[in-house]
Amino acid sequence: MNLFQRYVGSGMARRLRKRVLPNIGILLRTWQVRRCRCCQRTSLHLQFGIDEEYSKCLRCTANLRYELQAEYLRDNFRPEMLDILELDPNSCLRPILEKGRSYRRTYFRPGHKPGTMRPDGSVMEDITALTLPDRSLDLIVSSDVLEHVPDAAAAFRESFRVLRPGGAHVFTVPFEPRTIRRAVIEDGALRHLAEPEYHADPLDPRGILAFWHFGPDLQEQFGDSGLVFTLVKGPEGKRRSVVWEARRLT
Ligand SMILES: [Zn+2]
């Protein structure tokens, strides 16, 4: 195999062929040099697809929803005073959150034992059944995760359980006109209640199923978890990105 063949077969060349070349027109129309609201550095922002979701800061990889979330977290929390859980092993929010008094990064894989630590230091956790004690956290952060959790009500009840009074779960989810359950797992079997919708997943080329659409009505839908839901940022941008805060008051 010569050097050219090796290059063409490499992951970088595949990404170039599949993601960059077909989107070169979008890339040229949408590129920006500006201050990133996540890493706070001046950087090049490139969009690798028609959807704003694929617009990235080349320094920290944040897209608009991450920028909004980073800005909200920075303006409203002092991480060094807080015990923090992030439902992501390695997000672009990590430089902000790892300043926490404690900072637990998590991943989720069905079949993995909860509490197992991977070599990268992240811990297997299921947001509907965390291995953490009651009232042990001040801040939970998740970014476009909760719409993929089959039992979202259980995720919010569990957030309430592990948060201390005054603590909050700050999250992003795609902003839809109203809350709809799109799929359910019954007796271990998946049943679709609406046209299946898959979102891009870095770990699975087939994508990840959205069990939920979340609208502006989260307080009515999930307020019985004990959390108080507030839309704290957005909608902003073509994708109408938003940030939610679900706070435990007492
Ligand atoms: Zn950035």
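Residues numbered from 1 in each chain as written. Predicted model: local features only at pLDDT ≥ 70, side-chain atom pairs only at ≥ 80, totals over all residues. Heavy atoms only, no water.

Colleague: Teacher, can you tell me more about the overall build of the protein here?
Modeller: A tally of helices and strands in the protein yields seven helices and 16 strands. The C-alpha radius of gyration of the protein comes to 19 Å, within 12% of the 18 Å expected for a compact globule of 250 residues. In terms of overall dimensions, the protein has a C-alpha envelope of 60 × 45 × 40 Å along the principal axes. For the protein, the residues scored as buried account for 46% of the 250 residues in total. Excluding contacts between residues fewer than 6 apart, the proportion of contacts in the protein whose partners are at least 24 apart in sequence is 57%. When the accessible surface of the protein is summed, it comes to about 13,500 Å², and 54% of that surface belongs to carbon and sulfur atoms. Taken as two groups, the 39 positive and 32 negative side-chain charges of the protein have centres that lie 7 Å from each other. (Helix = DSSP H or I, 4+ residues; strand = E, 2+ residues; numbered from the N terminus. Rg over C-alpha atoms; globule rule 2.2 N^0.38 Å. Buried < 20%, exposed > 50% of the residue type's maximum accessible area, 1.4 Å probe, protein only. Contact = heavy atoms within 4.5 Å. Areas by Shrake-Rupley, 256 points an atom, 1.4 Å probe, with all protein chains shown as cover. Lys, Arg positive; Asp, Glu negative; His and termini not counted. Charge placed at Lys NZ, Arg CZ, Asp CG, Glu CD.)

Colleague: What's the story with unusual backbone geometry in this structure? I'm lost.
Modeller: A negative phi angle characterises most non-glycine residues, just as the trans form characterises most peptide bonds. Residue P235 is bonded to the preceding G234 through a cis peptide linkage, with omega at 0°. By the element assignment, P235 lies in strand β15 (residues 227–236). Residue T61 is not a glycine yet carries a positive backbone phi of 75°. T61 sits in the partly exposed class, given a relative accessible area of 46%. Look at D144: it is not a glycine, yet its phi comes out positive at around 50°. By the secondary structure assignment, D144 is in the loop between β7 (137–143) and α6 (152–162).

Colleague: Any chance you could explain the pairing of strand β8 (residues 163–172) here in plain terms?
Modeller: Regular strands show a simple pattern: their side chains alternate between the two faces of the sheet. Counting buried positions along β8 yields seven of ten residues, so the element is predominantly enclosed. Two elements, β7 and β8, share six bridges in a ladder whose sense is parallel. Note that in β8 the partner of V141 across the bridge is V170. Note that β8 and strand β16 (residues 241–248) share four bridges and pair antiparallel. Bridge pairing links F171 to W244 in β16. (Pairing = 2+ DSSP bridges.)

Colleague: So what exactly am I meant to see when it comes to the pattern of salt bridges here?
Modeller: Here the idea is simple: oppositely charged side chains can pair when their charged atoms come close. In the structure shown here, the tally under the stated rule is 20 salt bridges. Between R37 and E236 there is a salt bridge whose closest N-O contact spans 2.8 Å. Pair noted here: R37 is in the loop between β1 (32–35) and β2 (42–47) and E236 is in strand β15, with a separation of 199 residues, a long-range link. R37 sits in the partly exposed class, given a relative accessible area of 24%. Using a relative accessible area of 30% as the deciding quantity, one classes E236 as partly exposed. A salt bridge links E125 to R104, with the nearest nitrogen and oxygen atoms 2.9 Å apart. (Salt bridge = Lys/Arg side-chain N within 4 Å of Asp/Glu carboxyl O.)

Colleague: When you look at the sheet that holds β15 in this model, what are you seeing that I'm missing?
Modeller: Strand-to-strand pairing in sheets goes through backbone hydrogen bonds, with the strands running parallel or antiparallel. Taken in spatial order, the seven strands line up as β6-β5-β4-β7-β8-β16-β15 in an open sheet, and their pairing is mixed. Among the strands making up the open sheet, the edge pair consists of β6 (123–124) and β15. Across the sheet, helix α4 (residues 64–76) touches β7, β8, β15 and β16, and the angle it forms with β16 is around 40°. Packing of α6 onto the sheet brings it into contact with β7, β8, β15 and β16, and relative to β8 it is tilted by some 140°. (Axes fitted to C-alpha atoms, helices over the stretch in contact; angles between N-to-C directions.)

Colleague: Explain the packing of aromatic side chains here, please?
Modeller: For any pair of aromatic rings, geometry is given as the distance between the ring centres together with the angle between the planes. Taken as a whole, this structure holds eight aromatic pairs when the rule is applied. Centroid distance W212 to F214: 5.8 Å. Interplanar angle 10°. Geometry classified as stacked. Here W212 matches F214 in class, with each residue buried. Of the aromatic side chains, those joined through ring pairs into one cluster are F156, F171, W212, F214, F222, F229 and W244. (Phe/Tyr/Trp six-rings, centres within 6.5 Å; stacked < 30°, edge-to-face > 60°.)

Colleague: In this structure, what is going on with the domain arrangement of the protein? I would like to understand it.
Modeller: Much of the literature gives interface size as the accessible area that the parts lose upon coming together. Here the domain parsing of the protein yields domain 1 (3–57) and domain 2 (64–248). Taken together, the contact between domain 1 and domain 2 spans eleven residues of the former and 18 residues of the latter. Summing both partners gives a buried area of about 1,100 Å² for domain 1 against domain 2, and 37% of it is carried by carbon and sulfur. Taken together, the connections running from domain 1 to domain 2 amount to five salt bridges. Here E53 ties to R65 by a salt bridge, and the two come within 2.5 Å at their closest N and O atoms. Applying the counting criterion to the domain 1 and domain 2 interface returns nine residue pairs in polar contact (both at pLDDT 80 or more). Among the residues forming the side of domain 1 that touches domain 2, the class breakdown is three nonpolar, two polar and six charged. (Domains from an automatic or database assignment. Buried area = accessible area lost by both parts, 1.4 Å probe. Polar contact = N/O pair within 3.5 Å; in protein donor to acceptor, adjacent residues only side chain to side chain. Nonpolar A, V, L, I, M, F, W, Y, C, P; charged D, E, K, R; others polar.)

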